Amino acid sequence: MLKKLFFVTALILCCFAISIAQTSVAGHPVLENLSSEPGIVEVELTASQERLSLVPGVETDVYAYNGRVPGPLLEVSEGDSVIVHFKNNLPEKTTVHWHGLHLPFVMDGSPFHPVGPGETFTYAFRIHEGTAGTYWYHPHPHHRTAWQVGMGLYGGIIIRDHNDPLPDTLTERLLILSDNRFDDDGQIEFAETGSRQKRVDDMNGREGDVLFVNDEIMPELTIRSGEVQRWRIVNASGARIYRLALEGHTFTHVGSDGGLFEHPVEVDEIILSNGERAELLVYGTGEPGSSITLRDLPYDRYMPMFRPSNWEKTNDLLTLLYTDEKPVQEPFEVPETLRKIPELTLDDATETRIMRMTNGKINSRTMDMNRVDETAELGATEIWDIRNLVGMDHPFHLHGFQFQVIDRNGEPVSQRKWKDTVNVPGFESARFIVRYDNYPGLWMFHCHILDHEDQGMMGVLEVK
Amino acid sequence: MRIFKILVFSSIIGGLITVKAHAQMHSTDASHSDHTITILAEDYAFQAPDVIPQGWTTIEFSNEGNEDHFLLIAKPPEGKTFDDYASGVLIPFNDVWYALRDDGISQEDAMGKLGADLPEWFWAVEFIGGTGIIPAGATTQITLNLEPGSYVIECYMKNEDGELHNVEGMMRELTVTESPSEASPPNADIAITLSNFEMMIDGDLKPGKHTFSVHVAEHPEQGFGHNVHVARVAPDTDVREVQRYMNFMEIDGLQTPAPVQFIGGMHIMPQGNTGYFTAELESGRYLFISEYTGHLGVMQDVTIE
C-alpha cells in the first residue's frame, strides 16, 4: 500500500474520468474516494476550461476543478495517505499547491513542478498527526497564479482529527470567500497590460466587486435559535482582506491556519488575509424567524495613494436565517482547552532570517527560479523576522512548514497557534518561529497577494 | 497657477559659472556632539526609525537598493497627516506624471494640471531638507535641525519602468518629539549659499572628504526652490543634459540609470535655514546643481585638481 503511495510521482493514467462528487460535507461536494482501503484517500482532480454560471443568468468562461468553482472538497483525516490523480486539461501549465500542508517538496505544487497542458501528475502525501484543520488548494505556476485563481481554480480541504475536541453534532459549514470582476458580457475581467487599472491591480492586487461565498452571491444559510455551528472560513481571494463580523453576534474563534487553538477566544470580528483560514463557533443567539448578515467591514490595507474610493463600504456576504423552530434548550459549551500545541522555543533557534518586504520585492529581490535566497538545515529551528517597509498590508506565506508567530511589533502574541500565513500591516513587523521537519527541498516564501507573488515578491528557502 | 513658472524655462541656462574653488575655510570637524540616526534606502522603501528627538540630527543615509535614491523630508501643515500627504499630494503628482508619460501632454499643461489638482494646503508644506541623489551602495551624511512634529520622508525618483519611487512605497512617516538631543551642528569646511539665482561655493575644494554647509539665503517666489545635488561628470559632459535629467517632468528625468554619478547633496530647505552634508571628492569635474533652478543659474561647474 505504502509502496503504491510513494511510487507514483510520475504515474500517468491512461484513463482519466472526472470524479463526480458523491456526497456533501460542510456544504460542499466532496471528492470521491476511489480507494476502499482504510487510511487511503485516492481521488481524481482535473483542471479544465468550463462555461459556468457564476453570476445568476450569465454563462462565464472559467477554469474549474472537476467542473466546479470552487473545486470539490478534499476531506481527509490525520494519518491518511492521499493520492490525487491530477490532469491538466487547461491550455497552459499549472500546478496544484496544497496550501498549508506539510508534505514532500515535489508534492507541494510549487512553481518548480509545473504540469503542462494535457499532462498528468499524481500528488501523493501523508497527512501528519496534529494537522487537523482547514486548508485549501490552488494553482501556483510562476507569474500565472493570480490569473488562474481568478479564473476559478481553488477548493477547500478539511483534515479531520479522530479525537476532535469539538463534537461532530455541530452543524459544520465551510465558507470559501472569493471575489471577482466581470465585464459587460459576464466574462471574468482582468485589466489590460499597460492600463491604469492594471497599475492599480499590480499595486493593490486585483479585487473584484462581486463577492462570493462558495459558489453563491449572498447565500442564505440557516441556524436554529440556541444552536452552535462550526464555521470554517477560507480567504481564497487574490487580494481582498476580509474583516468579518456577524451583526449582533460575537464569534468564538477556535482555530486558524494549522488547526485548533489551545484556547478559544471570544471576538467581535476577525481579519482574514489572503490564504488564511479561521475556525469559528457561531452561537445562535437570535430569535426564531429572525435573520442576520455576515459582513465584510471596511479594512484599510492599501497604500494611501491607491486606496479605492469605496474602501469604506461594508460588503454583505451572506444571510443567516433563524428557523422557526423552538430554541435549542441545552446549548453546547466549548471546552476551555481545545488541544496542546507543542512549543517551539527561542532557545532552540539557530538563525534569525530578516525578510524586508517592499512592494513587489523581498529583501530587494524579485523571484528568480534559478536562485536560492535562503539556505537552512533540515531539522533546524529558526526565527523569521518579517518587516513590512511600506504602507500597505502584505500577508507573508511560507510553504511546507507551519510556524508559530512569536510577536508583532515586539509585542508577544496572546497564544500559540499554527500558522502558514501571517499578515503584516504597513510599516509593521512580525516574528515567527519555525522548525524544518521531515522534508528537504526548495520551499517558496511569498506575499499571498497573488498579483504580488506573480510580480516576483517571492523567494526560495532551500532546506537540506 | 503660481507654481512651476520657473520650470517652464527649460531652455534657459543662466549664471553658469565654472570656477576653480579658492583656498581657505575650516577643516572638516566630525567630532561635534553627535545625534545620528540611520536611514536605509532600498527599492522601494526606507528603513528608518519611527520616532526621534528634536534638534540637530545627523542622518546617515545608505542606499542598499539597486537604483539611485535620495531622501526628502517634508513637513505637512498642522492638521495634515502622512496619509493626507500620501493621498493628497502624491496622487496629483503621479497623475501628472502619467499624463506626461502616457498621454504626451506638454510640461506646461502638466504644470497647469498639477496646480489645479494639488490641494491648497500643499503650499503650506515645508521641505526641511534631505540628501542629494546617491547611487546604489553609497552612503552620505546630512545634518539638519529638526523641530518637533510629524514629517514625511520620501524619494520621488523613477524606476526603470518609469514609476515614481514614492508611489512604489518609498515614503514613510517620521515623528520628531519634544525630547531634545544634545547635538550641535558640525563644522563645515565648504560653505554653499543658494540664492536667486546663483550658487556660491566658498572653501577649498580639493580631493578628500568635506563637510559642506548649505545656506538658503532666499527662494524664488514661485516654484519649489533651491537645492544642491553633487555629481561627478566626465570632462565632455554637456551640462544641459544633466539639467534636463534633473527635471522630473522629462520622460527619463530622475530615472535610473542616471547619466552621471551623483554623490549626495542637500535637498530643499526653508529659506534662512542651514544644513550640512558630507561628500568625498576626487580629482576631476563636478557639477553642484539645483534640481529645480539649476537651469536658471543655481549651479557650479567645478574642476578639482
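Residues numbered from 1 in each chain as written. Chains lettered and ligands numbered in written order. Predicted model: local features only at pLDDT ≥ 70, side-chain atom pairs only at ≥ 80, totals over all residues.

## A short note on the overall build of chain A
The number of helices and strands found in chain A is four helices and 32 strands. Its C-alpha atoms give chain A a radius of gyration of 21 Å, within 12% of the compact-globule value 23 Å for 464 residues. Considering only C-alpha atoms, chain A reaches an extent of 60 × 55 × 50 Å along its principal axes. Residues classed as buried in chain A amount to 49% of the 464 residues present. (Helix = DSSP H or I, 4+ residues; strand = E, 2+ residues; numbered from the N terminus. Rg over C-alpha atoms; globule rule 2.2 N^0.38 Å. Buried ≥ 20, exposed ≤ 12 C-beta atoms within 10 Å, placed from the backbone.)

## Some details on the domain arrangement of chain A
Residue and element names in this part refer to chain A. Parsing chain A into structural domains produces domain 1 (2-160), domain 2 (171-322) and domain 3 (346-463). Computed from C-alpha coordinates alone, the two centres of domain 1 and domain 3 are separated by 25 Å. The partner domain 3 presents 16 residues to the 15 residues of domain 1 that form the contact. In terms of residue class, the side of domain 1 that touches domain 3 is built from seven nonpolar, six polar and two charged. (Domains from an automatic or database assignment. Contact = placed C-beta atoms within 7 Å. Nonpolar A, V, L, I, M, F, W, Y, C, P; charged D, E, K, R; others polar.)

## Focus on the sheet that holds strand β29 (residues 421-424) of chain A
Residues and elements named next belong to chain A. An order of β24-β32-β31-β26-β29 is seen for the five strands of this open sheet, with the pairing classed as mixed. Edge positions in the sheet fall to β24 (374-376) and β29, since each has one partner strand and no second. Geometrically, the sheet is characterised by an average inter-axis angle of 20° between neighbouring strands, direction not taken into account. Sheet topology places strand β31 (residues 441-447) next to strand β32 (residues 458-463); six bridges connect them, and they run antiparallel. (Pairing = 2+ DSSP bridges. Axes fitted to C-alpha atoms, helices over the stretch in contact; angles between N-to-C directions.)

## Some points on unusual backbone geometry
V69(A) connects to P70(A) through a cis peptide bond whose omega is -5°. Structurally, P70(A) can be placed in the loop between β4 (60-65) and β5 (71-77). Residue F197(B) is reached from N196(B) by a cis peptide bond, and omega for that bond is -5°. In this structure, F197(B) sits in the loop between β10 (190-195) and β11 (198-203). A positive phi angle, close to 60°, is found at N214(A), a residue other than glycine. Within the secondary structure, N214(A) is located in the loop between β12 (210-213) and β13 (220-223). In this structure, N363(A) takes a positive phi of about 50° despite not being glycine. Mapped onto the elements, N363(A) comes out in the loop between β23 (361-362) and β24.

## As for the interface of chain B and chain A
Accessible area lost upon the coming together of the parts is a frequently used measure of interface size. At the interface, 19 residues of chain B touch 13 residues of chain A. Among the elements of the structure, β3 (45-47), α2 (82-88), α3 (90-103) and α5 (165-168) of chain B are those that each provide at least two residues to the side of chain B that touches chain A.

## Comments concerning the confidence of the model for chain A
When pLDDT is averaged across chain A, the result is 94; 95% of the residues are at 70 or more. Between residues 1-21 of chain A, whose pLDDT stays under 50, and residues either more than four places distant or in other chains, the model counts 36 contacts. (pLDDT = per-residue confidence, 0-100.)

## Considering the pairing of strand β14 (residues 261-266) of chain B
All names here are of chain B. Here β14 lies mainly inside the structure; five of its six residues are buried. Pairing between strand β13 (residues 228-233) and β14: five bridges, direction antiparallel. Residue pairing in the sheet places V230 in a bridge with G264 of β14.

## Remarks on the packing of α3(B) against helix α4 (residues 107-117) of chain B
All names here are of chain B. In contact at an axis separation of 9 Å, α3 and α4 are set at 160° when each is read in the N-to-C sense. Here α3 is positioned roughly antiparallel relative to α4, judged by the angle of their axes. Taken as a pair, α3 and α4 cross one another with a handedness that is right-handed. Residues P92, F93, D95, V96, A99 and L100 of α3 touch α4, and the partners they reach there are A110, K113, L114 and D117. (Parallel < 35°, antiparallel > 145°, perpendicular 65-115°, else oblique. Left-handed = near helix turned anticlockwise from the far one by under 90°.)

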